Amino acid sequence: PLLRQVADLSIERTFRTIWRLLLRFTSDSAIVSRGPTIYRKAFDIGTWESAIPRPGHAEMSLRGWPAISDHHLYGLLYGTQAVFRVAGRRNVTGSLTRTPDGASFVASWDP
């Protein structure tokens, strides 16, 4: 879909040159732990929580935004996946599930 292409291109352009190299040497937990901070800078509604329960698997949740649009939901999903791909993770997949208070996201990649 177009939104996925936009997310991929945006992340590709954001992480150019030295930033891309640094991202490739950043641990999975360091990438995921910065999710809430990045979310707070982009949105003024809801909260983002993230964790890595096991290698190659991240679980994230959005709370406090029950009426979030599909556009925003899939933008968050595709953007998250794109960051992992730019960081050099292979076979990145993701899914989302709406919750009464927002959404739950899962991302997986080859550890």
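Conventions we followed
Residues numbered from 1 in each chain as written. Predicted model: local features only at pLDDT ≥ 70, side-chain atom pairs only at ≥ 80, totals over all residues. Heavy atoms only, no water. Patch = residues over 30% accessible without salt bridge, like charges linked within 9 Å, V, L, I, M, F, W, Y side chains within 5 Å. Areas by Shrake-Rupley, 256 points an atom, 1.4 Å probe, with all protein chains shown as cover. Salt bridge = Lys/Arg side-chain N within 4 Å of Asp/Glu carboxyl O. Helix = DSSP H or I, 4+ residues; strand = E, 2+ residues; numbered from the N terminus. Buried < 20%, exposed > 50% of the residue type's maximum accessible area, 1.4 Å probe, protein only. Polar contact = N/O pair within 3.5 Å; in protein donor to acceptor, adjacent residues only side chain to side chain. Contact = heavy atoms within 4.5 Å. Pairing = 2+ DSSP bridges.

Now for a nonpolar patch on the surface. Taken together, the side chains of Ile18, Trp19, Leu21, Leu22 and Phe25 present a nonpolar region at the surface, about 590 Å² in accessible area. Tracing the backbone shows Leu21 in helix H2 (residues 17–24). Given the relative accessible area of 43%, Leu21 is considered partly exposed.

Looking now at the side chain of Asp28. Structurally, the position occupied by Asp28 is in helix H3 (residues 28–33). At 3.1 Å, the side chain of Asp28 forms a polar contact with the side chain of Trp109. What Asp28 contacts, discounting residues up to four positions off in sequence, is Ile52, Gly56, Arg89 and Trp109.

Per the stated rule, a full pass over the model turns up 4 salt bridges. Ionic pairing is found between Asp70 and Arg98, a salt bridge with its closest N-O pair at 2.8 Å. Within this pair, whereas Asp70 is found in helix H5 (residues 70–86), its partner Arg98 is found in strand E3 (residues 93–99), the two being separated by 28 residues in sequence.

Burial within strand E2 (residues 57–63) is extensive, with 5 of its 7 residues counted as buried. As paired strands, strand E1 (residues 47–54) and E2 are joined by 6 bridges and run antiparallel to one another. Bridging across to E2, Ser50 finds its partner in Met60. Here E1 folds back onto E2 in antiparallel fashion, the turn holding 2 residues, of which Gly56 has a positive phi close to 80°. Strand direction decides the pairing type here: E2 and strand E4 (residues 102–108), joined by 7 bridges, are antiparallel.

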